[in-house]
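Structure at a glance
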Amino acid sequence: MTSRRTLARTLESVADFEEPDPALEQYLTPPEVTAHVLHFAALRGDLDRRVVDLGTGTGTLAIGAAVLGADVVGVDVDASALARARENRRAVGAPPIEWVRADVGFLPLLADGVTVVSNPPFGAQRRGADRPFLEAAAELAAVSYTIHNEGSRTFVESFAADHGGAVSHAFRATFELDRRFQFHEESSRTIEAEVFRIEWGRSDP
Ligand code: SAH
């Protein structure tokens, strides 16, 4: 299997959003974080299922999963992000990916019993913006990996429990983000995020 370090290096050529939309909380997940999550998922056999990347943005999680051999669908509401994701997929030379433009709150049927991977909006602009992503994961997934802001554990655990699931793993991830929106005063900043693996209590298809 591609090593975590090689995967991170491959994902360095994934381009960021051209004009990030603050309302959609568009941030590129750093290559090391993507590689960490996906490598962990591969070791657990979670990339043997179909992978659905919710809020794929410029495609890094989808592309990384495809590089690791998964059958991948990337979903985003923003057509310009998806256009860039397509270019990124080609630039990386990853296997084909199915790109779907949709709002996660109104998803077309994308098959059941999948692995969801997602770095959703953290809800900094609109509280609870990550909730429809968890709801979609609860609908679709056998297992999901979602990235949330620090301090989300209680919320994620109780959400999972209310939907027949349980958090099996939780780990931290540090994001170094360049200054991007005008309301950010520093030139770069560090965000402590938390990654959760949830088992949704559904048997594999
Ligand atoms: N997954 C990418 C992008 C994270 S930013 C990465 O890890 O780099 C969050 C993404 O969610 C953005 O691309 C944004 O366009 C998308 N998004 C926000 N709200 C959405 C919604 N309701 N439905 C689908 N996508 C959404």
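What comes next concerns the included structure.

Regarding its fold elements, the protein presents six helices and seven strands. Secondary structure elements of the protein occur, N-terminal to C-terminal, as α-α-β-α-β-α-β-β-α-β-α-β-β. In summary, the protein has a C-alpha radius of gyration of 15 Å against a globular reference of 17 Å for 205 residues, a match within 12%. Taken over the C-alpha atoms alone, the protein extends approximately 45 × 35 × 30 Å along its principal axes. Residues counted as buried form 51% of the 205 residues belonging to the protein. Long-range contacts, defined here as pairs at least 24 residues apart, represent 73% of the contacts in the protein between residues at least 6 apart. Within the structure as shown, the protein displays about 9700 Å² of accessible surface, and the carbon and sulfur contribution to it stands at 45%. Of the side-chain charges in the protein, 21 are positive and 31 negative, and the distance between the mean point of each set is 3 Å.

Turning next to the side chain of His 148. For His 148, the location among the structural elements is in strand E5 (residues 141–149). Accessibility expressed as a relative area gives 0% for His 148, which makes it buried. A distance of 2.8 Å separates a polar atom in the side chain of His 148 from a polar atom in the side chain of Thr 146. Not counting the four nearest positions on each side in its chain, His 148 is found in contact with Pro 120, Phe 122, Asp 130, Leu 134, Val 156, Ala 193, Glu 194 and Phe 196.

A few words now on the site of the ligand. If you check the shell around the ligand, you find 21 residues, and the closest are Gln 26, Thr 29, Gly 55, Asp 76 and Val 104. Within the backbone of Tyr 27, an N or O atom sits 3.3 Å from an oxygen atom of the ligand. At 3.2 Å from a nitrogen atom of the ligand is found a side-chain nitrogen or oxygen belonging to Asp 103. Here the ligand has 570 Å² of accessible area as a free molecule, and 96% of this is covered by the chains. Grouping the constituent residues of the shell around the ligand by class yields ten nonpolar, seven polar and four charged.

Take the packing of aromatic side chains next. For the coordinates displayed, the defined rule picks out five aromatic pairs. Note on Phe 40 and Tyr 145: the rings are 6.2 Å apart at their centroids and 80° apart in plane angle, and the pair reads as edge-to-face. On the criterion of sequence distance, the pair formed by Phe 40 in helix H2 (residues 31–43) and Tyr 145 in strand E5 is long-range, its members being 105 residues apart. Look at Phe 40 and you get partly exposed, because its relative accessible area is 21%. A centroid spacing of 6.5 Å and a plane angle of 85° characterise the contact between Phe 159 and Trp 200, whose relative ring orientation is edge-to-face. Residue Phe 159 is found in helix H6 (residues 153–162), and its partner Trp 200 is found in the segment after strand E7 (188–199); the two are separated by 41 residues along the sequence. The class for Trp 200 is buried, based on a relative accessible area of 4%. Grouped by ring-pair contacts, the aromatic residues Phe 40, Tyr 145 and Phe 171 constitute a single cluster.

Moving on: unusual backbone geometry. Here Glu 25, not a glycine, exhibits a phi torsion of approximately 50°, which is positive. Considering the arrangement of structural elements, one finds Glu 25 in the loop between helix H1 (4–11) and H2.

Topologically, Asp 76 is positioned in strand E2 (residues 72–76). Arg 101 provides the closest opposite charge to the buried, salt-bridge-free Asp 76, at an N-O distance of 7.4 Å. Those residues in contact with Asp 76 that sit more than four places away from it in its chain are Gly 55, Thr 56, Gly 57, Ala 81, Leu 82, Val 100, Arg 101 and Ala 102.

All right, on to the pattern of salt bridges then. One pass over the structure, following the stated rule, counts nine salt bridges. Between Arg 131 and Glu 135 there is a salt bridge; the shortest N-O distance is 3.3 Å. With Arg 131 and Glu 135 both in helix H5 (residues 131–140) and four residues apart, this pair spans about one turn of that helix. Take Glu 135: its relative accessible area is 34%, and that puts it in the partly exposed class. Several salt bridges share partner residues, and in doing so they unite Asp 46, Arg 49, Arg 197 and Glu 199 into one network.

About the cut-offs
All residue numbers refer to positions counted from 1 along the written sequence of the respective chain. Two thresholds apply to this predicted model, a pLDDT of at least 70 for residue-level local features and 80 or more for giving and counting side-chain atom pairs, whereas whole-chain, interface and lining totals are computed over all residues. Note that water and hydrogens are dropped before the side-chain values are worked out from all heavy atoms of the structure. By the criteria applied, helices consist of DSSP H or I runs no shorter than four residues and strands consist of E runs no shorter than two, each listed in order from the N terminus. For the radius of gyration, the atom set is restricted to C-alpha positions; the globular benchmark scales as 2.2 Å times the number of residues to the power 0.38. Burial here depends on accessible area, computed with a 1.4 Å probe over protein chains only, as a share of the maximum for the residue type. Under 20% is buried, over 50% is exposed, and the range in between is partly exposed. Only heavy atoms matter for contacts: two residues are in contact if any of them lie within 4.5 Å across the pair. All accessible-area figures derive from a Shrake-Rupley calculation using a 1.4 Å probe, and residue coverage is judged against the displayed protein chains alone. For the purpose of counting charges, residues Lys and Arg are taken to be positive, whereas Asp and Glu are taken to be negative. His and the chain ends are not included. Taken as the charge centre is NZ of Lys, CZ of Arg, CG of Asp or CD of Glu, depending on the residue. Think of a polar contact as two N or O atoms within 3.5 Å of one another; within protein, one of them needs to be a possible hydrogen donor and the other a possible acceptor, and neighboring residues in sequence only count if both atoms come from side chains. By convention in this text, a residue qualifies as near a molecule or strand provided that one of its non-hydrogen atoms is within 4 Å of it. Amino acid classes used here: Ala, Val, Leu, Ile, Met, Phe, Trp, Tyr, Cys and Pro are nonpolar; Asp, Glu, Lys and Arg are charged; the rest, including Gly, are polar. Note on ring pairs: Phe, Tyr and Trp rings are taken, using the six-membered ring of Trp, and paired if centres are within 6.5 Å. Classes follow the plane angle, with under 30 degrees stacked, over 60 edge-to-face and the rest tilted. Within this document, salt bridges are pairs made up of a side-chain nitrogen of Lys or Arg and a carboxyl oxygen of Asp or Glu, the two lying within 4 Å of each other.

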